[in-house]
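# Fold and contact review
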There are 2 protein chains.
Amino acid sequence: MASPLVYHRGPDFPDLLKGLVRDLKFVFPTTDEVFILSCSGSGAMEAGIVNCLSKGDRVLVVSAGQFGQKWVDVCKAYGLSTEVLEFPWGESADPLRLREALKKDPDIRAVLATQSETSTGVLHNIEAMGEMVREADALFLVDGVSSVVAHALPTADWGVDIAVTASQKGLMVPPGLAVITMSARAREAASKSDLPRAYLDLDKYRTSYSEGRGPATLPVTLMKGLRAALDMIIEQGMESIWRRHTIQAESVRSAANALGLSCFAKSPSSAVTSIALPDEIDGLILMETLRTKYGVVVGGGLGPLRGRMIRISNLGYIDHLDVLTAISALEMGLRHLGWAFDPGAGVAAAEVVLVGGEF
Amino acid sequence: MASPLVYHRGPDFPDLLKGLVRDLKFVFPTTDEVFILSCSGSGAMEAGIVNCLSKGDRVLVVSAGQFGQKWVDVCKAYGLSTEVLEFPWGESADPLRLREALKKDPDIRAVLATQSETSTGVLHNIEAMGEMVREADALFLVDGVSSVVAHALPTADWGVDIAVTASQKGLMVPPGLAVITMSARAREAASKSDLPRAYLDLDKYRTSYSEGRGPATLPVTLMKGLRAALDMIIEQGMESIWRRHTIQAESVRSAANALGLSCFAKSPSSAVTSIALPDEIDGLILMETLRTKYGVVVGGGLGPLRGRMIRISNLGYIDHLDVLTAISALEMGLRHLGWAFDPGAGVAAAEVVLVGGEF
């Protein structure tokens, strides 16, 4: 990213753009169209909605946390008739209840869901939901912002019409760039959609991409960063990267249990581990201790969970020792707050998982 | 930008954000609200429209080139009743014709204009237009993407309600970050506006800024770059920076004339100089020669002017020797194409301007 700027209308740009689009397909994986947008993940979620839907369309949002709620907010902002299939925070959406909801309301044109709900650390079953959505002949829009790279999101196999992600998560690049996939069905829907759009109009992207450029200026430094990240990703291979995320998240859960703590999510994401705190431990003080004493930043509980939870991520550019470092900091932080356990118990449990159970 | 990432929800972020917003006001200058968006300049233009206007509103776009047309496209995408006051490419909009148009059509709710029309190198008289717009009690939205920093855009004095710019122009930062100002009148209009918006909703920005964060993830590396750029800008002072742009652009025009070429824009911008080419010179071949033989990239003619023009920018991070370097390359490029002039004539003419006429 520190190399000289690529001119976004110059002769080097088309190859950069084309290579990124090609290699991003490998990441989801997808065979759909892929567009790189100059915005955050929220912008890409909105792009999915404004390109495929029309005013007054009935949509169903599967929500079990803060990012499910974000879909709801955007749908309502665009005047969609928005139903919410809500699950308690910490639970994974039950696909059978989705089937039921779709049967009861055959006018639903689209279902919007979240793969990894960052606010609770829950993984939702996109594959099973996709089956239900396809039965109902609706469109399926999936927020993969914090899941893609940690989890597979094979759009064709799972019937996902729009999937979005963003640079600063699994793609290991600073924020400012988002990615959206678009199936043939979504494209067909887009041709009939009447929601207003200009900056996020994917038709314009398609046309200008065919000329090797963006419809507006694209964030070229971030694209150079993405090029470097995709080179690393391709070298490692997706199977290996997914496995690393699985093992690391499992190691964090194992450490939490060894420290006498419990994990909040019933179906945990491999991108982030939410650890419920006992009443004796104030999550805000614990986070502040980790940050100021050890330079380790962990997430906190959001909304109703504020102060009651910490969240430890292993998404993207994280190796096994980074995970163990975070667990060491957690152990010392918990000791400062008076929590009792054998020193090193968390690290020991994590190490066992990280070496594949053989110690 | 290469320093460790600032966490966009962490304790260091609010000061970074607050400092940028404060110092960006110095650049326009403006006393209005300022928001930093994660998008390109086109996204910020759209933010101005969707926040202040309502479906079916009558608006008037002053257009004399490609970027005037961009306003038109966005207005139409959002169902605004869009009138265009068109001037020939290369001409600066006549404010008296704007007054006339506003008198004839008292339902116009907003006027949208471009300060520096990059496609033609023309500077439009925003100050005079602002007076006409205020007389008509309409809102005034100005695209300052390629003018801010090169030219003053004092929003309060000139009656500008929305001004937008982007990181990769005068602000000297890579693309991916845009800036928008919002007057009290614009904010009042926003409270009644009914266009759908979510990602570009400035109300959400206002609320989250008051908590020291963005409504979505902001592009923190670009913000660090902007911090460095604003430090340079403040050290130099806006008067000195505006003067530098004026002198450099004048030196390029003087060089062009000394080489027997003429400048295309009647009221030239200080950010970019458009040089009309004689029939003997193919602009595309000239650009390719400059790029491949000398590593100098200049703009070309857009739309109807393709191949008939080159455009030389001195916007942002450009010193006097950069300008002379470009002129030297232009001289050699023109020689390769058989154009006759005294070698060094362009550089000589430019140097005289750059040292203030005293040689």
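Note that the structure is a prediction, hence the values are computed from the model and not measured. (Residues numbered from 1 in each chain as written. Chains lettered and ligands numbered in written order. Predicted model: local features only at pLDDT ≥ 70, side-chain atom pairs only at ≥ 80, totals over all residues.)

## A few points about the pairing of strand β4 (residues 108–114) of chain A
All names here are of chain A. The condition that has to hold: Our exposure labels follow a C-beta count within 10 Å of each residue's own C-beta, placed from the backbone: buried means 20 or more other C-beta atoms, exposed means 12 or fewer, and partly exposed covers the counts in between. Strands here are runs of E lasting at least two residues and helices are runs of H or I lasting at least four, both read from the DSSP assignment and numbered beginning at the N terminus. Strand pairing is assigned whenever DSSP identifies at least 2 bridges connecting the two strands.
Of all seven residues making up β4, six are buried, and the element is well covered by its neighbours. Sheet topology note: the strand β2 (residues 58–63)/β4 ladder contains four bridges and is parallel. Each bridged residue has a counterpart across the sheet, and for Leu-60 the counterpart in β4 is Val-111. Where β4 and strand β7 (residues 139–143) come together, five bridges link them in parallel fashion. Paired with Ala-110 across the bridge in β7 is Leu-139.

## Some points on helix α8 (residues 202–209) of chain A
Residues and elements named next belong to chain A. Put simply, the rule is: Picture the helix axis, draw a direction to every C-beta atom, and the arc is the one those directions span. A pair of residues counts as a contact when their C-beta atoms, built from backbone coordinates, are separated by no more than 7 Å.
Burial in α8 covers these residues: Leu-202, Tyr-205 and Tyr-209. End-on view of α8: buried residues confined to an arc of 50 degrees, all on one side of the axis. Looking at the packing, one finds that the buried side of α8 touches α1 (13–27), β1 (33–37), α2 (41–52), β9 (178–182) and α7 (184–190).

## A few points about the domain arrangement of chain A
Residues and elements named next belong to chain A. Basically, it comes down to this: These domain limits were set by an automatic method or by a database of domain assignments. Each residue is assigned to one class: nonpolar for Ala, Val, Leu, Ile, Met, Phe, Trp, Tyr, Cys and Pro, charged for Asp, Glu, Lys and Arg, and polar for all the others, Gly among them.
Per the domain assignment, the segments making up chain A are domain 1 (13–236) and domain 2 (238–354). Of note, the centres of domain 1 and domain 2, computed from C-alpha atoms alone, are 28 Å apart. Taken together, the contact pairs 26 residues of domain 1 with 24 residues of domain 2. Listing elements by their share of the side of domain 1 that touches domain 2, those giving two or more residues are α1, β6 (122–123) and α9 (220–236). Split into classes, the residues belonging to the side of domain 1 that touches domain 2 amount to 11 nonpolar, 13 polar and two charged.

## What to know about the packing of α2 of chain A against helix α3 (residues 66–77) of chain A
Residues and elements named next belong to chain A. What counts here: Lines are fitted to the C-alpha atoms to define the axes, a helix being fitted only along its stretch in contact, and any angle between axes, read from their N-to-C directions, falls within 0 to 180 degrees. Working rule for angles: under 35 degrees goes down as roughly parallel, over 145 as roughly antiparallel, 65 to 115 as roughly perpendicular, anything else as oblique. Crossing chirality is assigned from the near helix's rotation relative to the far helix, an anticlockwise turn below a right angle marking it left-handed and a clockwise turn marking it right-handed.
Interhelical geometry of α2 versus α3 gives an angle of 50 degrees and a closest axis separation of 10 Å. As judged from the angle between their axes, α2 and α3 are oblique. Our pair here, α2 against α3, has a crossing hand that is right-handed. Contacts from Ser-42, Met-45, Glu-46 and Ile-49 in α2 reach Lys-70, Trp-71, Val-74 and Cys-75 in α3. When grouped by side-chain class, the residues that make up the contact of α2 with α3 number five nonpolar, one polar and two charged.

## Remarks on α1 of chain A
An α-helical segment advances 3.6 residues per turn. Residues three or four places apart therefore align on the same side. All names here are of chain A. Note the following rule: Each residue after the first adds 1.5 Å to the expected span of a helix.
In this model, α1 (15 residues) spans 21 Å end to end at C-alpha, consistent with the 21 Å of a helix rising 1.5 Å per residue. All buried positions along α1 are accounted for by Leu-17, Leu-20, Leu-24 and Val-27. Summarising the axial view, the buried residues of α1 lie within an arc of 80 degrees, below the 170-degree limit, and thus occupy one face. Within α1, the exposed residues directed more than 90 degrees away from the buried face are Asp-15, Lys-18 and Arg-22. The elements touched by buried residues of α1 are β1, β9, α8, α9 and α10 (238–258).

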